[in-house]
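The chain contents come next:
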Amino acid sequence: MSDVQRFIRFCESEFGTAVMDREAAYVKRHVATDDRILDIGCGVGSLEERFPDHEIIGVDRSEEMTRAARERVSAPIVLGDATALPVATGSVDAVVFVSTLEFIPDADAALAEATRVLASGGTLIALVLNTRSEYVQSNLQREGSYFRRMAHRDSEVLTDTVSEYVDGERDLFLGISGEEVFESSDPTAAAISAVVGTPTE
Ligand SMILES: C[S@@+](CC[C@H](N)C(=O)[O-])C[C@H]1O[C@@H](n2cnc3c(N)ncnc32)[C@H](O)[C@@H]1O
């Protein structure tokens, strides 16, 4: 089974659906209904699927992911790299990374691009896997886990880097224990570490 098939299977499982629903709900709380949203590292379009009434564009550097996303969602899906976005300067109101930034070795280049494409006063939302959580740690230890491709294995350091680019808030959310998903901001239970803010001048 290919990476993409495995990922689709995860996204469509009960557990994956619960995870994606909570991530999308978090993003929704931080965007306006008429915001133009850019989803960087959109994968197979799980966020786009949950934003049918928003103007949202997905971008991913994987041809296979973008092909699968186009089959699954009607939102525009663009092939492109986070470090050289094929998107005009100042053209979107919100930029979102959902479990993507930690897979990009040059996070600074991706953040510089994300802030470049944001319109003045726009919102950057970075959701990164919380490496202090038991869920992420157990996946990092599991042979064959996709998480092992993470270029950044310390989410505190990565979220500190994001905070250098934006004025905003930080959160922990998405408690996971086994396949149970629940509300939690406990650093050992919350799988996601979030930074939301407006680019510093
Ligand atoms: C763990 S998946 C997350 C997908 C999606 N955001 C989600 O939550 O379902 C990480 C995604 O980031 C993409 N990605 C990794 N590096 C990238 C880069 N430099 N530019 C664009 N996409 C990238 C991968 O191809 C993959 O689809």
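Just so we're clear, the structure is a prediction, and the values are computed from it rather than from any experiment. (Residues numbered from 1 in each chain as written. Predicted model: local features only at pLDDT ≥ 70, side-chain atom pairs only at ≥ 80, totals over all residues.)

K.L.:
Is there a simple way to explain the overall build of the protein in this structure?
P.N.:
For the protein, the helix and strand inventory stands at seven helices and eight strands. The C-alpha radius of gyration of the protein comes to 16 Å, within 12% of the 17 Å expected for a compact globule of 201 residues. The principal-axis extents of the C-alpha atoms in the protein amount to approximately 40 × 35 × 30 Å. The 201 residues of the protein split such that 43% are buried. Within the protein, residue pairs in contact and separated by at least 24 positions form 65% of the contacts whose partners lie at least 6 positions apart. (Helix = DSSP H or I, 4+ residues; strand = E, 2+ residues; numbered from the N terminus. Rg over C-alpha atoms; globule rule 2.2 N^0.38 Å. Buried ≥ 20, exposed ≤ 12 C-beta atoms within 10 Å, placed from the backbone. Contact = placed C-beta atoms within 7 Å.)

K.L.:
I would appreciate a short explanation of the site of the ligand in the present structure.
P.N.:
Among the 16 residues in the neighbourhood of the ligand, the closest are listed as Gly41, Gly43, Arg61, Ser62 and Ala82. Here the shell around the ligand is composed, by residue class, of six nonpolar, seven polar and three charged. (Near = placed C-beta within 6 Å. Nonpolar A, V, L, I, M, F, W, Y, C, P; charged D, E, K, R; others polar.)

K.L.:
How should the pairing of strand S6 (residues 166-177) be read in this particular structure?
P.N.:
Regular strands have side chains that alternate between both faces of the sheet. As defined by bridge partners, S6 adjoins strand S8 (residues 190-199) across nine bridges and the pair is classed as antiparallel. Across the sheet, the residue bridging to phenylalanine 173 is isoleucine 192, located in S8. Summarising the sheet, S6 and strand S7 (residues 180-182) pair through three bridges and their orientation is antiparallel. The residue bridging isoleucine 176 from the neighbouring strand is valine 181, located in S7. What sits between the antiparallel neighbours S6 and S7 is a turn of two residues, in which glycine 178 has the positive phi angle 60°. (Pairing = 2+ DSSP bridges.)

K.L.:
When you look at the nonpolar core in this model, what are you seeing that I'm missing?
P.N.:
Note that soluble globular proteins tend to have their nonpolar side chains buried in a common cluster. Counting residues in hydrophobic clusters, the biggest one holds 62 residues, and the most contacted among them are Val95, Val96 and Ala126. For this core, the element with the most residues is strand S5 (residues 118-129), which contributes seven residues. Aside from chain neighbours lying at most four places away, what touches valine 96 is Val27, Ile37, Asp39, Ile40, Leu47 and Ile125. (Core = buried A, V, L, I, M, F, W, Y, C linked by C-beta atoms within 7 Å.)

K.L.:
Please explain the sheet that holds S8 as it appears in this structure.
P.N.:
Sheet strands associate in pairs through backbone hydrogen bonding, adopting either a parallel or an antiparallel arrangement. Reading across the sheet, the eight strands line up as S3-S2-S1-S4-S5-S8-S6-S7 and stay open at both edges, with mixed pairing between neighbours. The two strands at the open ends of the sheet, each matched to only one other strand, are strand S3 (77-79) and S7. Adjacent strand axes in the sheet meet at a mean angle of 20° when their direction is disregarded. Its contacts with the sheet place helix H2 (residues 14-29) against strand S4 (92-98), S5, S6, S7 and S8, and it is angled at close to 160° to S6. (Axes fitted to C-alpha atoms, helices over the stretch in contact; angles between N-to-C directions.)

K.L.:
Sorry, what's going on with the packing of helix H1 (residues 3-12) against H2 here?
P.N.:
For any two helices packed against each other, the geometry is given by the interaxial angle and the distance between the axes. Close contact between H1 and H2 brings their axes to 4 Å; oriented N to C, the two are set at 75°. The orientation of H1 relative to H2 falls into the category roughly perpendicular. The residues of H2 that touch H1, namely those facing Phe10, Cys11 and Glu12, are Gly16, Thr17 and Met20. Across the contact of H1 with H2, the residue classes tally to three nonpolar, two polar and one charged. (Parallel < 35°, antiparallel > 145°, perpendicular 65-115°, else oblique.)

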